[in-house]
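# Working through the structure, step by step
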Amino acid sequence: MTTNSELFERAQRVIPGGVNSPVRAFGSVGGTPYFVARAEGARVWDVEGTEYLDLVQSYGAIIGGHAHPKVIEAIRSAALDGTSYGAPTEREVLVAEAVSERVPSCEKVRMVSSGTEATMTALRLARGATGRTKVVKFAGNYHGHGDALLAESGSAVAHLDPVHSPDGVPGSAGVPPTAVAETLVVPYNQVPTLDDTVACVIVEPIAANMGLVAPVPGFLAGLRTECDRVGALLIFDEVITGFRVARGGAQATFEVRPDLTCFGKVIGGGLNVGAFGGRADLMDLLAPLGPVYQAGTLSGNPLATAAGLAALDLLDDGAYEQLTGTAARLADGLAQALQGAGLTVQVPRAGTLVGLFFGTELPVDYAGARGTDEAAYAALFHALLSRGVALAPGAYEVLFPGLAHTDAVVDEIVERAGAAAIAVAGAG
Ligand SMILES: *Cc1c(COP(=O)(O)O)cnc(C)c1O
């Protein structure tokens with residue numbers, strides 16, 4: 001049998017850090033990552049045959065459960081017709097129509113291959129449309145790994161920049177200061193005062209890359225008003241919240257209409273997809289109609305559109321009711337189990353998303369999130385993992401309950417969390 005340790009050792013010889021995305025390396029929690037062999041529904045199995053109740057769900061790319069039969073069948077039958085053509089297909093039209101219908105602010109939609117590409121291009125489009133260069137982002141919001149937005153980006157980038165960095169300081173080596181010189185980083189949940197040099201404000205309408213931080217009442221509406229006042233565009237990064245917190249995303253929940261919206265994760269059904277959409281007059285500035293260039297060999301890929309359409313198809317109104325109930329059961333259960341064992345935790349919920357912070361107060365911004373106890377998170381993470389429950393291996397991620405997390409699965413997770421918490425409290 002191949003073991004996780006053997007694979008990790010081999011991986012580290014040929015892959016930097018042994019992983020293709022940094023948080024997977026367990027750097028912030030310590031230990032050896034489990035190498036997944038297969039997954040089904042709420043469960044994943046590693047190469048050693050160990051089963052985990054999975055709350056990672058590909059960081060939110062999966063919402064109907066792993067290997068959902070309808071998604072798998074859609075991919076299988078699409079693959080039989082070929083995997084990429086370099087010519088348009090009917091399913092690309094269906095995806096754009098599906099997005100437009102669910103998210104009315106997206107009058108037109110373009111598909112790309114990742115959330116990162118979606119935010120990069122939305123930014124370029126906003127700059128092209130306004131003729132301005134400044135971009136405002138919020139500390140602790142993650143928008144993928146494009147240069148201009150890699151500043152105080154939360155998620156795994158948090159482990160690279162342990163101190164609060166001033167404006168214009170990149171969150172990664174290799175990002176030239178000039179690339180973020182036009183990026184202004186401001187605190188989440190406070191409406192900044194803008195001027196007419198600002199091309200756009202980009203925001204996670206529910207922040208889910210510094211743990212889970214919901215917008216305070218009036219924050220998103222305030223951004224809309226302030227953007228309108230100075231003629232800046234408002235971009236919602238709904239890569240996590242899109243099609244997850246509600247059929248129409250966070251913008252439906254909070255009733256704020258952005259100019260542009262970025263998607264990823266759920267819309268790919270577990271395949272490599274991003275998309276962005278918005279006002280038709282803005283979207284028509286993209287090549288080939290307009291002067292803003294964007295392209296992609298695999299954009300609108302046949303397998304990815306098949307998977308995405310199948311995933312969206314699972315998400316009717318009943319599905320969101322179920323997901324909200326599941327998230328509430330998980331959040332309430334975890335709070336009781338962990339606090340009952342004496343741990344000082346906050347378990348916030350925003351719609352269908354659940355967070356987990358070690359601290360006495362619920363963070364409302366990045367400073368607050370960075371003030372929580374990462375070491376305590378790591379201890380609970382391992383206590384849970386050894387009891388067959390997989391959380392993301394980083395304190396700044398969130399929990400992704402999906403349609404496969406039945407009440408019985410949630411109750412099992414909560415019961416194991418209780419045992420894990422008692423072990424952690426006893427050790428501390
Ligand atoms: C994951 C994520 C991205 C980046 O998407 P990738 O597909 O990983 O490039 C962008 N924005 C948010 C809010 C995300 O959570």
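Thresholds applied
In this convention, every chain numbers its residues from 1, walking through the sequence in written order. Residues qualify for local features only when their pLDDT is at least 70, as the model is predicted, and side-chain atom pairs are given and counted only at 80 or more; totals for whole chains, interfaces and linings, by contrast, use all residues. Hydrogens are left out, water is left out, and the side-chain values use all remaining heavy atoms of the structure. Strands pair, by our definition, only if DSSP identifies at least two bridges between them. Labels follow the DSSP assignment, with helices taken as runs of H or I lasting at least four residues and strands as runs of E lasting at least two, numbered in each case from the N terminus. In this analysis, axes come from line fits to C-alpha atoms, helices being fitted only over the stretch in contact, and the angle between any two N-to-C directions falls in the range 0 to 180 degrees. Any residue with a heavy atom lying within 4 Å of a molecule or strand is counted as near it. Polar contact is the term for a pair of N or O atoms within 3.5 Å; when the atoms are in protein, one must be able to donate a hydrogen and the other to accept it, and sequence-neighboring residues count only if both atoms are side-chain atoms. Areas reported here follow the Shrake-Rupley algorithm with a probe of radius 1.4 Å; residue values treat only the protein chains shown as occluding. Three residue categories are used. Nonpolar comprises Ala, Val, Leu, Ile, Met, Phe, Trp, Tyr, Cys and Pro, charged comprises Asp, Glu, Lys and Arg, and polar comprises the others, including Gly. We call two residues in contact when some of their heavy atoms are within 4.5 Å. The rule is simple: take the accessible area with a 1.4 Å probe, protein chains only, and divide by the maximum for that residue type; under 20% is buried, over 50% is exposed, in between is partly exposed. Each C-beta atom gives one direction from the helix axis, and the arc is the one those directions make. Roughly parallel covers angles under 35 degrees, roughly antiparallel covers those over 145, roughly perpendicular covers 65 to 115, and oblique covers all other angles. Left-handed describes a crossing whose near helix is turned anticlockwise from the far helix through less than a right angle; right-handed describes the clockwise counterpart. The handedness rule is simple: strands pointing away from the viewer, and a clockwise path from the first strand over the helix to the second, make the crossover right-handed. Working rule for helices: expected span equals 1.5 Å times residues minus one. Domain borders in the structure are assigned automatically or taken from a domain database. By convention, the term buried area covers the 1.4 Å-probe accessible surface removed from two parts as they join, with the contributions of both added. Throughout this description, the term salt bridge denotes a Lys or Arg side-chain nitrogen within 4 Å of a carboxyl oxygen of Asp or Glu.

Here 7 strands make up an open sheet; going across it, the order is E4-E10-E9-E8-E7-E5-E6 and the pairing mixed. A single partner strand is all that each edge strand has here, and the edge strands are strand E4 (108–112) and strand E6 (183–186). Averaged over all neighbouring strand pairs, the angle between strand axes comes to 20°, with direction disregarded. Pairing of E4 with strand E10 (residues 274–278), which is carried by 5 bridges, proceeds in the antiparallel orientation. By the bridge assignment, Lys-108 is partnered in E10 with Gly-278.

Our next topic: the site of the ligand. Taken together, Ser-114, Gly-115, Thr-116, Tyr-142, His-143, Gly-144, Glu-204, Asn-209, Asp-237, Val-239, Ile-240 and Lys-265 make up all the residues around the ligand. Gly-115 places a main-chain nitrogen or oxygen 2.9 Å from an oxygen atom of the ligand. Note that an oxygen atom of the ligand is positioned 3.1 Å from one of the side-chain N or O atoms of Asn-209. Notes on the ligand: free accessible area 380 Å², of which the protein chains cover 84%. Residue classes in the shell around the ligand are distributed as 3 nonpolar, 6 polar and 3 charged.

Bridging between strand E1 (residues 36–40) and strand E2 (residues 43–46) involves 4 bridges; their strand directions are antiparallel. Paired with Glu-40 across the two strands is Arg-43, which belongs to E2. Where E1 hands over to E2, the hairpin turn is made up of 2 residues, of which Gly-41 adopts a positive phi near 60°.

We now examine the sheet that holds strand E3 (residues 51–54). Hydrogen bonding along the main chain pairs the strands of a sheet, whether they run parallel or antiparallel. Read across the sheet, 4 strands follow the order E1-E2-E3-E15 without closing on themselves; strand pairing throughout is mixed. With one partner strand each, in any of the chains shown, E1 and strand E15 (389–390) form the two edges of the open sheet. Helix H13 (residues 407–427) contacts E2, E3 and E15 of the sheet and is inclined by roughly 105° relative to E3.

Below, the discussion takes up helix H2 (residues 69–79). Within H2, the full set of buried residues consists of Val-71, Ala-74, Ile-75 and Ala-78. The buried residues of H2 occupy one face: seen down the axis, they fall within an arc of 95°. In H2, the exposed positions angled more than 90 degrees off the buried face are occupied by Pro-69 and Arg-76. Residues of H2 that are buried in the fold lie against helix H3 (90–102) and helix H9 (302–313).

Attention now goes to the packing of helix H10 (residues 317–340) against H13. Packing of H10 against H13 leaves a shortest axis separation of 9 Å and a crossing angle of 20°. In terms of orientation, H10 lies roughly parallel with respect to H13. In this structure, the crossing between H10 and H13 has a hand that is right-handed. Here Thr-326, Arg-329, Leu-330, Gly-333, Leu-334, Ala-337 and Leu-338 of H10 come into contact with H13, specifically with Asp-407, Val-410, Asp-411, Ile-413, Val-414, Ala-417, Gly-418 and Ala-421. Of the residues assigned to the contact of H10 with H13, the class counts are 9 nonpolar, 3 polar and 3 charged.

Direction vectors running N to C along H2 and H9 enclose 155°, while the axes themselves pass 8 Å from each other. It follows from the interaxial angle that H2 and H9 lie roughly antiparallel. As for how H2 packs across H9, the hand of that crossing is right-handed. Where H2 abuts H9, its residues Lys-70, Val-71, Ala-74, Ile-75, Ala-78 and Ala-79 lie against Pro-302, Leu-303, Ala-306, Ala-307, Ala-310 and Ala-311. Its residues assigned to classes, the contact of H2 with H9 comprises 11 nonpolar, no polar and 1 charged.

When you tally the buried positions in strand E8 (residues 233–237), you get 5 out of 5 residues, the bulk of the element. Because side chains alternate across E8, one face comprises the buried residues Leu-233, Ile-235 and Asp-237, and the other comprises Leu-234 and Phe-236, equally buried. Across 4 bridges, the pairing between strand E7 (residues 198–203) and E8 is parallel. If you follow Cys-200 over to E8, its bridge partner there is Leu-233. What joins E7 to E8 is helix H6 (residues 219–230), and the crossover it makes is right-handed. With 3 bridges joining them, E8 and strand E9 (residues 260–264) adopt parallel strand pairing. Of the residues in E9, the one forming a bridge with Ile-235 is Leu-260. In this fold, E8 hands off to helix H7 (residues 249–254), which returns the chain to E9; that crossover is right-handed.

Before going further, it helps to spend a moment on helix H4 (residues 115–130). Within an α-helix, residues lying three or four positions from one another point in the same direction, as the helix has 3.6 residues per turn. Here H4 is 16 residues long and its end C-alpha atoms lie 23 Å apart, about the 22 Å a rise of 1.5 Å per residue gives. Positive backbone phi, approximately 70°, marks Gly-131, located one or two places after H4.

This paragraph deals with the environment of Asp-365. Locating Asp-365 in the fold gives a position in the loop between strand E14 (357–358) and helix H11 (366–370). In this structure Asp-365 comes out as buried when scored by relative accessible area, which is 17%. Sequence spacing of Asp-365 and Gly-211 is 154 residues, and the spatial spacing of their C-alpha atoms is 9.9 Å. Sequence-distant contacts of Asp-365, defined by excluding residues within four places in its chain, comprise Tyr-188, Met-210 and Val-213. Side-chain polar atoms of Asp-365 contact the backbone nitrogen of Ala-367, separated by 3.4 Å. Looking at Asp-365, its side chain comes within polar contact range of the main-chain nitrogen of Gly-368, at 2.9 Å.

Examined at the domain level, the protein chain breaks down into domain 1 (4–67 + 316–427) and domain 2 (69–313). Computed from C-alpha atoms alone, the centre-to-centre distance between domain 1 and domain 2 is 25 Å. Contacts between the two partners involve 32 residues from domain 1 and, on the opposite side, 33 residues from domain 2. A buried area of about 2700 Å², summed over both sides, lies between domain 1 and domain 2, and 63% of it is on carbon and sulfur atoms. On the domain 1 side of the interface with domain 2, the three residues burying the most area are Tyr-320, Tyr-366 and Tyr-396, jointly 23% of the side's total. At the boundary of domain 1 and domain 2, one finds 0 salt bridges. Our count for the domain 1 to domain 2 interface comes out at 8 residue pairs in polar contact (both at pLDDT 80 or more). Secondary-structure elements contributing two or more residues to the side of domain 1 that touches domain 2 are H10, strand E12 (349–350), strand E13 (353–354) and H11. Within the side of domain 1 that touches domain 2, the residues separate by chemical class into 22 nonpolar, 4 polar and 6 charged.

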